[in-house]
Amino acid sequence: MDKELHVIFGAGQVGYPLAEILLAAGKQVRVVKRSQGDVPEGAETLLGDATQEAFCHAACVGASVVYHCMNPAYDTQLWAATLPRYMDNLIAAAGKVGARLVVLDNLYMLGDTGGKPMNEDTPVNPCSKKGAIRAKVAERLFSAQRQGEVRAVCGRAADFYGPRGSLTMFGEYFWKPVLAGKAGMALGNADTPHTYHYIPDVAQGLATLGCATEKQLAGQVLWMLPCQPAVTTRELVSRFEPALGRTLTLNVMPRWIMKLLGLFVPMVRELKEMAYQWDEPFIVDDSRFRRQFGDRVVAEVEAAKATVEWAKKTYT
């Protein structure tokens, strides 16, 4: 009997470990990406541009499940131009072949919640340009599901950390100075509770949604992906200390410096509007997922150790 084909668009921070999990589960895996690069052994690679509708249709032929793990560079104008096209194309392609479409999303569209924990019923209320873009794209997915264009399920996650997290707050700009014996840098208040999703937990959550039966999904389209309990940024950083063998110092970038740097550094300029997420508790409530699928998150100590091991291999 032929193996069930799972097609992953995007082979970055989450797409790669997702492919590993699916391969280990005995699935046939096709990784769709723009350029040559690292993919797990055993996965098929297909190169192309997901903004092209015809390519997306070809990439999804034979698929039982399609995963949307793509995210263009962190630029508002690029998001506005690209994210709707990605979504439209994957809805059409997955719908045409009858595949379930599993979409990875963030929490930007929920905006400022006043510190209240966020769950699947939290109202959409973006307070940033990027959040407004995400809200529009998410509604396109949910509308397509309601209209019967595609069988869809969406998993949302907060900020990432962990192996392969080079584009996170705990990427190059954090680890290079830390591994050189210097202080780490944090953006925003480091002492407010904040949910950080461990990347392997995100990948496992998406695989769970992709492999679940319709009965297990229970008609729910939106899920908060499983996560460790929210902690302050300072506390999360302290978990890295045993694996590093020393105490870590954390420098917090004041808002006025962020505004100043934003005039010259594009990435800081793009991050400025998202700083509200650290001004108050930013907490994900993943209880729906846990009730339905059980506790699948990696232990905090193990996650911290794996993150440090990855950072050492990557940045030293």
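Residue numbers here run from 1 along each chain, matching the order of that chain's written sequence. Selection of residues for local features in this predicted model requires a pLDDT of at least 70, selection of side-chain atom pairs for listing and counting requires 80 or more, and totals for whole chains, interfaces and linings are taken over all residues. Side-chain measures here rest on the full set of heavy atoms in the structure, leaving out hydrogens and waters.

**Q** Honestly, the overall build of the chain in this entry has me stumped. Any pointers?
**A** Secondary structure elements are defined from DSSP: runs of H or I of at least 4 residues count as helices, runs of E of at least 2 residues count as strands, and each element is numbered from the N terminus. Looking only at helices and strands, one finds 13 helices and 13 strands in the chain. C-alpha atoms define the radius of gyration in this analysis, and the globule rule sets the expected value at 2.2 Å times the number of residues to the power 0.38. By the compact-globule yardstick of 20 Å for 316 residues, the chain fits well, its C-alpha radius of gyration being 19 Å. In terms of principal-axis extent, the alpha carbons of the chain reach across some 55 × 40 × 40 Å. The rule is simple: take the accessible area with a 1.4 Å probe, protein chains only, and divide by the maximum for that residue type; under 20% is buried, over 50% is exposed, in between is partly exposed. Every one of the 316 residues in the chain was classed for burial, and the buried ones make up 53%. Roughly 14,300 Å² of accessible area belongs to the chain as shown, and the carbon and sulfur atoms make up 53% of that amount. Counting rule for charge: Lys and Arg are taken as positive, Asp and Glu as negative, and neither His nor the chain ends is counted. A charge is said to be at NZ when it belongs to Lys, at CZ for Arg, at CG for Asp and at CD for Glu. Put simply, the chain has 35 plus and 33 minus side-chain charges, and the middle of one group is 2 Å from the middle of the other. Methods summary: accessible areas were calculated by the Shrake-Rupley approach with a probe of 1.4 Å, and residue burial reflects only the protein chains presented.

**Q** Quick question: what am I supposed to make of the state of the cysteines here?
**A** Covalent bonding between the sulfur atoms of two cysteines defines a disulfide. To count as a disulfide, a pair of cysteine sulfur atoms needs to be within 2.5 Å. Inspection of the entire model under this criterion finds 0 disulfides. There is no disulfide at C211, and the cysteine sulfur nearest it, in C69, is 13 Å away. Judged by its relative accessible area of 35%, C211 is partly exposed.

**Q** I keep staring at the packing of aromatic side chains and nothing clicks. Help me out?
**A** One pair of aromatic rings is described through two measures. These are the centre distance and the angle between the planes. Whether two aromatic rings pair depends on their centres lying within 6.5 Å, for rings of Phe, Tyr and Trp, where Trp uses its six-membered ring; planes under 30 degrees apart make the pair stacked, over 60 edge-to-face, and the rest tilted. For the structure on display, the rule yields 14 aromatic pairs. Ring geometry for W175 versus F240: centroids 5.0 Å apart, planes at 55°, classification tilted. Of the two residues, W175 sits in helix α5 (residues 172–179) while F240 sits in the loop between α8 (233–238) and α9 (241–244), which places them 65 residues apart along the sequence. Their ring planes at 55° and their centres at 5.3 Å tell us that W223 and F293 sit as a pair that is tilted. Of this pair, W223 sits in strand β11 (residues 222–224) while F293 is found in helix α12 (residues 287–293), placing the two residues 70 residues apart along the sequence.

**Q** In this structure, what is going on with unusual backbone geometry? I would like to understand it.
**A** Most peptide bonds take the trans form, and the phi angle of most residues other than glycine is negative. Look at R164: it is not a glycine, yet its phi comes out positive at around 75°. The topology assignment puts R164 in the loop between β7 (159–161) and α5. Unusually for a residue other than glycine, A218 sits at a positive phi of about 55°. Among the secondary structure elements, A218 is positioned in the loop between α7 (214–217) and β11. Judged by relative accessible area, which is 47%, A218 ranks as partly exposed.

**Q** It is not clear to me how the nonpolar core should be interpreted in this structure. Could you clarify?
**A** The nonpolar side chains of a soluble globular protein tend to be buried with one another. In this description, a nonpolar core means a group of buried Ala, Val, Leu, Ile, Met, Phe, Trp, Tyr and Cys residues linked to one another through side-chain atoms lying within 4.5 Å. Grouped together as the largest cluster of nonpolar side chains are 38 residues, with contacts concentrated most on F9, V66, L101 and L141. Elements with a contribution of two residues or more to this core: β1 (5–9), α2 (53–59), α3 (76–97), β5 (100–105), α4 (129–146) and β6 (151–156). Examining the composition of this core, we find that 8 residues originate from one element, α3, more than from any other. Any two residues having at least one pair of non-hydrogen atoms within 4.5 Å are treated as being in contact. Setting aside its immediate chain neighbours within four residues, L141 contacts M87, I91, L101, V103, A152 and C154. Counting 30 residues, the second-largest nonpolar core is a separate cluster that includes V14, L18, A207 and L217.

**Q** Looking at this structure, I do not really get the environment of Q28. What am I missing?
**A** For Q28, the position within the fold is in strand β2 (residues 28–33). Judged by relative accessible area, Q28 falls into the partly exposed class, the value being 34%. Filtering out sequence-adjacent residues up to four positions away, Q28 remains in contact with K3, E4, L5, H6 and E44.

**Q** What is the right way to look at the sheet that holds β6 in this model?
**A** Two strands are counted as paired when DSSP detects at least two bridges linking them. Read across the sheet, 7 strands follow the order β3-β2-β1-β4-β5-β6-β11 without closing on themselves; strand pairing throughout is parallel. Where the open sheet ends on each side, the last strands, each with one partner, are β3 (44–47) and β11. The sheet shows a mean angle of 20° between the axes of neighbouring strands, direction not considered. Where β5 meets β6, 6 bridges bridge the pair, whose relative direction is parallel. Across the sheet, the residue bridging to L104 is G155, located in β6. Contacts between helix α1 (residues 15–24) and the sheet are confined to β1, β2 and β4 (65–68), with β1 contributing the most and set at about 170° to the helix. To obtain an axis, a line is fitted to C-alpha atoms, over the contacting stretch when the element is a helix, and the angle between two such axes runs from 0 to 180 degrees between their N-to-C directions. Sheet strands in contact with helix α6 (residues 199–211) are β1, β4, β5, β6 and β11, and its direction is about 155° off that of β5.

Without other data, these values stay purely geometric and don't point to any function.
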